[in-house]
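Residues per chain, in single letters:
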Amino acid sequence: MVDMGVQIGGLALANPVMPASGTFAEGLADVVDFNRLGAMVTKTITAELRSGNRVPRVAEISNGLLNSIGIPSKGLDYFLSETLPFYRQFESPLVVSISAPTADAFAELAGRLQLPGIAAIEANISCPNIEEDGHAFAMSASSTSQVMRKLRAASSLPLWAKLTPNTGDVVAVARAAEDAGADALVVANTILAMSIDTETRRPTLGNIMGGLSGPAVKPIIVRMTYQCARAVTIPVIGCGGIADANDAVEFMLAGASAVQVGTATFVQPHAMTQVIDGLAAYCARKGVDRVADLTGAVSDAGLRLGDSEILP
Amino acid sequence: MTAAGAMAANTAGSVLRLPGSGVDDVRAQVLSNERVNDTYNLLVVAAPGPASRAVAGQFFHLQCPTTDRDAPYLRRPMSTYRAEPQSGVVEFLYKVNGAGTRGLASLEAGDYLSMLGPLGVGFALEPDWRHIVVLGRGVGLATLAPLAEMAAARNIGVTAVISARDQDQVLSVPRFADIGAHVEIVLDSDGSSSVDNVERLLRRCHAEGHADAFFTCGSNRLMLLMQRLGDELGIAGQVAMEQQMACGLGMCHCCVRDFRVAGETVSRRVCWDGPVFALAEATSW
Ligand SMILES: Cc1cc2nc3c(=O)[nH]c(=O)nc-3n(C[C@H](O)[C@H](O)[C@H](O)COP(=O)(O)OP(=O)(O)OC[C@H]3O[C@@H](n4cnc5c(N)ncnc54)[C@H](O)[C@@H]3O)c2cc1C
Ligand SMILES: Cc1cc2nc3c(=O)[nH]c(=O)nc-3n(C[C@H](O)[C@H](O)[C@H](O)COP(=O)(O)O)c2cc1C
Ligand code: FES
């Protein structure tokens, strides 16, 4: 029997597989047994009511998805009275993803979520399409540091920082989050992108730009996971284009301690449980006793990152 | 809870599901997949699990096959055209539009198709309704045909107003005729599909006492007409809506449309809060 348990900064998970925020909700419980998941992660919530972006909110591209959903939110009261009780039915730990327009508002929201049934906070400091031009806290180390310090002071729950790939220096942002007290990093959110319908000449999204996810982003996010995991001592949770167990293994070898499955669930509703079963099978086949032993186990010894040729 | 109860809960804005209604992603085997006319295809599958218990108005999220030309990534939503719990047969009536439906058209007898469902909130019939009017156009009729059968099974009379470009595009008449529906065909080619003429037809149904409820799908113009008349004549109604979907399970919030509820605009997910909504609350699309 393979030991599937992993430890994410003080939080023990029965297995390393969980949903990515915004790609998981109550409706999936009709199809998937949530008690099998390593954790459950909510859609990002905000304290205030938000309506989200105009339609079309998604566009299909080859092997991936562009979305500009935004963060439609029914607010904190609705979350506490309707959503939280729903998830309390399940044994898997609940991670609540939060967002706010300012560092202070972020901290205030986190402070109000120190409640039974909430195991950790994932700070979505990276959502690329919520404000104009896709600006986000996690684009710079200094604003990451500022918001994570305030969050750390406001909450004693395990605190995960969800980074954005839309930054020039993800390693600096990762270190800033760790230094400010994050217990884990989620690498990463969607990549700011755009597509145009050549027949109509219109952008395919109502919001013009949106976030790219799905298999198309995987090599980019594997690279960022590798870079971040080498730069920090806290666990990294890999997220980007994972559709099967092989993808999950790849992320873990690159340095992830756990993985999040997002867009793949839209295509295969059972994707997460298939990844769990496939990870166990991979470990059994490779003689790996503990899935946690895969973390960072890429065989890169003797290879060297060419100093001048890492970035084009 | 009854289906009517589910509908009432739906129109109140929070959806309660039928307990144990059962949703699954199943592998169905294609029995046939043939052209009905130059625009529409009929896909017939043998589906295990809960699929064949779909009620009228519910839909499935189909994983459309990759072809030489296309690799559709997301699933595509399709209404239940027929679902027979005894035989496990489920049918879809579809129009070939783009990558996804081109993929569907490539399926041959014996092939397999992953289908997630049945999804969403279907039509609901009130026990005191004696006669309903269904008004549809294009693939909207795929959604309305099983509703007519559900009504007939409960001894509710049906008038079906079928709108089409020309006689060749008229769909599903036998499906409506077989249950004894009164069928009215209106066409663009002879002008009978004009809003004025359809309005006359609907008013006549009402005058004859045959319009306890209105149902529509497939045309914005016809939806607005039914909504206006329903409002004026005090006739309840339901509309089945479409919107682009990704997850089909209420998770991604891409499939929203606006509804007018007590003077306010509210956003609802077509896949989860619908696809069937109260006609009075729908807004133009
Ligand atoms: C609840 C529901 C039930 C439906 N039932 C039927 C049916 O019974 N028969 C039928 O022929 N069609 C039906 N449709 C429409 C059908 O889903 C689209 O025709 C199909 O998704 C087009 O995909 P495509 O790749 O062939 O076309 P493309 O135009 O290439 O699709 C591009 C994108 O737009 C989306 N899209 C395009 N048209 C529609 C549309 N009308 N509604 C929603 N999304 C769309 C596609 O899903 C895809 O994401 C239904 C739609 C919904 C929401
Ligand atoms: C429709 C959709 C909605 C999303 N909403 C959120 C969100 O609310 N908060 C967040 O942190 N990330 C959100 N994401 C990003 C995902 O959590 C994930 O980081 C990204 O999609 C990459 O993973 P994937 O390729 O497995 O989907 C969303 C992604 C999609 C496709
Ligand atoms: S398609 Fe995802 S919420 Fe409706």
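Residues numbered from 1 in each chain as written. Chains lettered and ligands numbered in written order. Predicted model: local features only at pLDDT ≥ 70, side-chain atom pairs only at ≥ 80, totals over all residues. Heavy atoms only, no water.

K.L.:
So, the environment of A:Phe90: which residues are in play, and what are the values?
P.N.:
Residues and elements named next belong to chain A. For Phe-90, the location among the structural elements is in the loop between helix H1 (75-88) and strand S7 (94-98). Measuring from C-alpha to C-alpha, the distance between Phe-90 and Gly-296 comes to 31 Å, with 206 residues separating the pair along the chain. Setting aside anything within four residues of it in sequence, one finds Phe-90 in contact with Ala-29, Phe-34, Asn-35 and Met-40. (Helix = DSSP H or I, 4+ residues; strand = E, 2+ residues; numbered from the N terminus. Contact = heavy atoms within 4.5 Å.)

K.L.:
Please provide a residue-by-residue account of the domain arrangement of chain B, values included.
P.N.:
A common way to express how large an interface is: the accessible area buried when the components associate. All names here are of chain B. According to the domain assignment, chain B consists of domain 1 (3-119) and domain 2 (131-281). If you average the C-alpha positions of domain 1 and of domain 2, the two centres end up 20 Å apart. Listed as interface residues are 29 residues of domain 1 and, on the opposing side, 30 residues of domain 2. It is Tyr-40, Ala-56 and Tyr-81 that lose the most area in domain 1 upon contact with domain 2, and together they represent 21% of the buried surface on that side. For the pair domain 1 and domain 2, the number of links is zero salt bridges. The interface formed by domain 1 and domain 2 holds seven residue pairs in polar contact (both at pLDDT 80 or more) in total. Elements with a minimum of two residues in the side of domain 1 that touches domain 2: helix H1 (3-11), strand S3 (59-62), strand S4 (76-79), strand S6 (89-95) and strand S7 (112-119). It is S6 that provides the largest number of residues to the side of domain 1 that touches domain 2, a total of four residues. Residue composition of the side of domain 1 that touches domain 2, grouped by class: 14 nonpolar, nine polar and six charged. (Domains from an automatic or database assignment. Buried area = accessible area lost by both parts, 1.4 Å probe. Salt bridge = Lys/Arg side-chain N within 4 Å of Asp/Glu carboxyl O. Polar contact = N/O pair within 3.5 Å; in protein donor to acceptor, adjacent residues only side chain to side chain. Nonpolar A, V, L, I, M, F, W, Y, C, P; charged D, E, K, R; others polar.)

K.L.:
I'd like to hear about unusual backbone geometry, residue by residue, with values.
P.N.:
The phi torsion of most residues other than glycine is negative, and most of the peptide bonds are trans. Residue and element names in this part refer to chain A. In this model, Val-55 is joined to Pro-56 through a cis peptide bond whose omega is -5°. At the junction of Val-187 and Ala-188, the peptide bond is cis and its omega measures out at 10° in the coordinates. With respect to the helices and strands, the residue Ala-188 is situated in the loop between strand S10 (184-187) and strand S11 (191-194). One non-glycine residue, Asn-63, adopts positive backbone phi at about 55°.

K.L.:
Go over the site of ligand 1, please, and point to the residues and values.
P.N.:
All names here are of chain B. Within the structure, ligand 1 sits among 20 residues, and Pro-77, Gly-98, Gly-100, Thr-101 and Glu-242 are positioned closest to it. The separation between a nitrogen atom of ligand 1 and a polar main-chain atom of Leu-93 is 2.8 Å. Against a free-state accessible area of 830 Å², the protein chains account for coverage of 81% of ligand 1. Those elements giving two or more residues to the shell around ligand 1 turn out to be S4, S6 and helix H2 (99-105). A per-element tally of the shell around ligand 1 places S4 first, with four residues. (Near = heavy atom within 4 Å. Areas by Shrake-Rupley, 256 points an atom, 1.4 Å probe, with all protein chains shown as cover.)

K.L.:
Residue-level account of the site of ligand 2, with values.
P.N.:
With respect to spatial proximity, 23 residues lie near ligand 2, and among them A:Ser21, A:Thr44, A:Lys162, A:Gly241 and A:Thr263 are the closest. At ligand 2, the nearby residues belong to more than one chain, namely chains A and B. Contact distances for ligand 2 include 2.8 Å between an oxygen atom and a backbone N or O atom of A:Gly214. Here an oxygen atom of ligand 2 sits 2.5 Å away from a polar atom, N or O, in the side chain of A:Thr263. For ligand 2, the accessible surface in isolation is 600 Å², of which the surrounding protein chains cover 98%. The class makeup of the residues in the shell around ligand 2 is seven nonpolar, 14 polar and two charged.

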